[in-house]
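What follows is each chain in one-letter form.
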Amino acid sequence: MAGILGIKSTQNVSRKLFYGLNSLQHRGQEGCGIAVNTGEDIVRVRHSGLVIDSMKEDVLDSTTGNIGIGNVRYAMASTSVNATGEPFFGFTKGEKLSIVNDGSLINHQLLRTRLEEEGMMFQTNSDTEVILYLIARYYDGDIIKAVKKAASYLEGAYSFILMYQDKLIAVRDPNGFRPLVMGHKNGEYIFASENAAGDILGMTFDRDVTPGEIVVTGENGFVSHRLKDKEEKHSFCIFEHVYLARNDANLEEVNAYLFRWRTGKILYEESPVDVDLVVPVPDSGYPAAIGYSQASAIPLGEGLVKNRYMGRTFIKPTQEEREIAVRLKLNPQYHVVKGKKIVLVDDSIVRGTTSRNLIQNLRDAGATEVHVRITSPPVEYPCYYGIDTPSRNNLIASQHSVEEIKEIIGADSLSFISLDGLYRASDLENRDIFCNACFTGNYNVDPCLL
Ligand code: SF4
């Protein structure tokens, strides 16, 4: 997962990129970078760590230009952030191209091998570099034609922003796995993973870039093209609404906060429990816990205090780090949970490590019963579309029944929302827009291409 951003303005964009990337920081904390077109050159700054620690005043002051792109990202277990850090940048036929991307190509190894056989050399093992090379290869003066041709070889998930001359070009894969939205204000244009980046800059959120769409910043607004004539099955990652996006994200016409709040209400309808207190696992568990509390009339209590300066637990590269992170990240409130029967509301169980530690910590703090309600169905299958979930062997729900998971994590009871319940939480008439492969194994783009 990554957060991507592109801004075209009539003023210097480096500070706007800085602020916008801060609002996308939840999408990746291990690395960040910007590329700004100064008019004469592309200046790139890439760094490991948080945006606020990486892009100091002197860096922003020395990076001036009216168009730029940026990203935040997380590290995969086997890669170094600096080695794979975006934006990528290259020259082709006298033009400079830079790119940021969110997603994961199913066939990247195949494409890479073919390109290497033709003599191309890669600096990293990133999918994004492959996309950039393909675009460069097919560029003959017509950038839209080159993007379409390159995309015709891509299988899987990608949302990318390309900086070309004085234009930004936003592209979303034909299935629309990963988010990408667009907005504007007085001659300024923005593309971003989530609307928060534009909101904080006072820009108007226009809409999602639709699956299979190419949107270009033109002289008088946005110009839209299609990657190909044929539509593919819309497969927006439902986990964006369960967990990944910010509460204020409006993606695919669904507000993440309301979605989460409705999952809590539906969870209570599906799996009521008689307890004294509803305790959210912060942050994405909050809206669902509020929904559960309102539906059940059981009071809500802040039984866990979050250390807000920690990254996400499931994206830490090693198991040992993940376990330390859980202990550091959430501390039980002794005075809130002591002597109480509680229901803990969380968004997912991946390996089970977080849940097991949390439940033990809550019992140590005096909770007499800990029931668990989860706002996603059991995650039984890995994601091949950009979310760094573990292999099947390490997904607790692929190896164990719900009853067994309950025993392993030490809960008094455990229920997951049904898939139908999750879809109902979207409140959309057409609920057939979501990818649900990690719950069902129904992959809309065949991972056998890997
Ligand atoms: S497999 Fe799961 S995490 Fe991956 S894109 Fe689909 S819904 Fe999202």
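Residues numbered from 1 in each chain as written. Predicted model: local features only at pLDDT ≥ 70, side-chain atom pairs only at ≥ 80, totals over all residues. Heavy atoms only, no water.

Per an unreviewed UniProt entry, the protein chain goes by Amidophosphoribosyltransferase and derives from Filifactor alocis. Listed under Pathway (unreviewed entry) in UniProt, the entry text for the protein chain is "Purine metabolism; IMP biosynthesis via de novo pathway; N(1)-(5-phospho-D-ribosyl)glycinamide from 5-phospho-alpha-D-ribose 1-diphosphate: step 1/2." Entered under Catalytic activity (unreviewed entry) in the UniProt record, the comment concerning the protein chain runs "5-phospho-beta-D-ribosylamine + L-glutamate + diphosphate = 5-phospho-alpha-D-ribose 1-diphosphate + L-glutamine + H2O". (UniProt positions renumbered as here; feature names shortened; annotations may be inferred.)

Student: Outline the overall build of the protein chain, listing residues and values.
Tutor: In terms of regular secondary structure, the protein chain is built from 18 helices and 23 strands. When the backbone C-alpha atoms are referred to their principal axes, the protein chain occupies close to 70 × 45 × 40 Å. For the protein chain, buried positions account for 59% of its 450 residues. Pairs at least 24 residues apart make up 69% of the contacts formed inside the protein chain by residues separated by at least 6 positions. Surface exposure of the protein chain reaches about 17,800 Å², of which carbon and sulfur atoms provide 48%. Where the 47 positive side-chain charges of the protein chain centre and where its 58 negative ones centre are 1 Å apart. (Helix = DSSP H or I, 4+ residues; strand = E, 2+ residues; numbered from the N terminus. Buried < 20%, exposed > 50% of the residue type's maximum accessible area, 1.4 Å probe, protein only. Contact = heavy atoms within 4.5 Å. Areas by Shrake-Rupley, 256 points an atom, 1.4 Å probe, with all protein chains shown as cover. Lys, Arg positive; Asp, Glu negative; His and termini not counted. Charge placed at Lys NZ, Arg CZ, Asp CG, Glu CD.)

Student: Go over the packing of aromatic side chains with me, naming the residues and quoting the values.
Tutor: Using the criterion set out here, one finds 15 aromatic pairs in the structure. Measuring from centroid to centroid gives 6.1 Å for Y385 and Y443, while their planes differ by 70°, and the two rings are edge-to-face. Here Y443 lies in the segment after α18 (437-440) and Y385 lies in the loop between β21 (369-374) and α15 (396-399), a separation of 58 residues in the sequence. Chaining the aromatic ring pairs together yields one cluster made of F177, Y384, Y385 and Y443. Its end group placed over the ring of F122, R112 keeps NZ or CZ at 4.5 Å from the ring centre. (Phe/Tyr/Trp six-rings, centres within 6.5 Å; stacked < 30°, edge-to-face > 60°. Lys NZ or Arg CZ within 6 Å of the ring centre and 35° of its normal.)

Student: Explain unusual backbone geometry to me, using residue names and the numbers behind them.
Tutor: Residue P87 follows E86 across a cis peptide bond; omega there is 0°. Examined against the element boundaries, P87 turns out to sit in the loop between α4 (81-84) and β5 (88-92). Going from P282 to D283, the amide bond is cis rather than trans, its omega being -5°. Residue position: D283 is located in the loop between β17 (277-280) and α11 (285-296). In this model, Q165 sits at a positive phi of 50°, which is unusual for a non-glycine residue.

Student: Break down the pattern of salt bridges for me, with residues and values.
Tutor: Counted by the stated rule, this structure contains 28 salt bridges. For the salt bridge of D61 with R15, the shortest nitrogen-to-oxygen distance reads 2.6 Å. Remark: R15 occurs in helix α1 (residues 14-23) and D61 occurs in helix α3 (residues 57-61); sequence separation between them is 46 residues. Residue classification places D61 among the partly exposed residues on the basis of a relative accessible area of 47%. Across the salt bridge formed by E118 and R137, the nearest N and O atoms sit 2.6 Å from each other. Remark: R137 occurs in helix α6 (residues 127-138) and E118 occurs in the loop between α5 (108-117) and α6; sequence separation between them is 19 residues. Residue classification places R137 among the partly exposed positions, given a relative accessible area of 33%. (Salt bridge = Lys/Arg side-chain N within 4 Å of Asp/Glu carboxyl O.)

Student: How would you summarise the site of the ligand if you had to cite specific residues and measurements?
Tutor: Around the ligand, the structure places R178, C237, I238, C383, Y385, I387, C435, A437 and C438. Its residues placed into classes, the shell around the ligand shows eight nonpolar, no polar and one charged. (Near = heavy atom within 4 Å. Nonpolar A, V, L, I, M, F, W, Y, C, P; charged D, E, K, R; others polar.)

Student: Quick rundown of the nonpolar core? Include the residues and the values.
Tutor: Counting residues in each nonpolar core, the largest one holds 48 residues, and the members touching the most others are F239 and Y385. Counting residues domain by domain, this core receives three or more from each of domain 1 (2-232) and domain 2 (255-440). Those residues within four positions of F239 in sequence are excluded, and the remaining contacts are L244, S348, S376, V379, C438 and F439. Core analysis: the next-biggest nonpolar cluster, separate from the first, contains 32 residues, L105, A150, A151 and L162 among them. (Core = buried A, V, L, I, M, F, W, Y, C linked by side-chain atoms within 4.5 Å. Domains from an automatic or database assignment.)

Student: Outline the sheet that holds strand β11 (residues 204-208), listing residues and values.
Tutor: The strand order across the open sheet formed by seven strands is β3-β2-β4-β1-β10-β9-β11, and the pairing between neighbours is antiparallel. Every other strand in the sheet has two partners, leaving β3 (42-48) and β11 as the edge strands with one partner each. Neighbour-to-neighbour, the strand axes of this sheet turn through a mean angle of 15°, independent of strand direction. Inspection of the sheet shows strand β9 (residues 181-185) paired to strand β10 (residues 188-192) by five bridges, in the antiparallel sense. Along β10, the bridge assignment pairs M182 with F191. (Pairing = 2+ DSSP bridges. Axes fitted to C-alpha atoms, helices over the stretch in contact; angles between N-to-C directions.)

Student: Account for the domain arrangement of the protein chain, with residues named and values stated.
Tutor: Taken as a whole, the protein chain is organised into domain 1 (2-232) and domain 2 (255-440). Placing the centre of domain 1 and that of domain 2 at their C-alpha centroids yields a distance of 32 Å.

Student: Account for the pairing of strand β13 (residues 221-226), with residues named and values stated.
Tutor: One ladder, built from six bridges, connects strand β12 (residues 213-218) with β13; its direction is antiparallel. Paired with V216 across the bridge in β13 is V223. Joining the antiparallel neighbours β12 and β13 is a turn of two residues.

Student: Now, about the side chain of Q25: what can you tell me, with residues and values included?
Tutor: With respect to the helices, strands and loops of the structure, Q25 is situated in the loop between α1 and β2 (31-37). Using a relative accessible area of 12% as the deciding quantity, one classes Q25 as buried. Side-chain polar atoms of Q25 contact the backbone oxygen of G28, separated by 2.9 Å. Residue contacts for Q25: discarding those within four places in its chain leaves L50, V51, I52 and V72. (Polar contact = N/O pair within 3.5 Å; in protein donor to acceptor, adjacent residues only side chain to side chain.)

Student: Can you tell me about the packing of helix α10 (residues 256-270) against α11, naming the residues and giving the values?
Tutor: Packing of α10 against α11 brings their axes to within 6 Å, and their N-to-C directions diverge by 40°. Judged by the angle between their axes, α10 and α11 are oblique. The two elements α10 and α11 meet at a crossing, and its hand is right-handed. Listed contacts from α11 to Y257, R260, W261, T263, G264, K265, L267 and Y268 of α10 are P287, A288, I290, G291, Y292, Q294, A295 and S296. Among the residues forming the contact of α10 with α11, the class breakdown is nine nonpolar, five polar and two charged. (Parallel < 35°, antiparallel > 145°, perpendicular 65-115°, else oblique. Left-handed = near helix turned anticlockwise from the far one by under 90°.)

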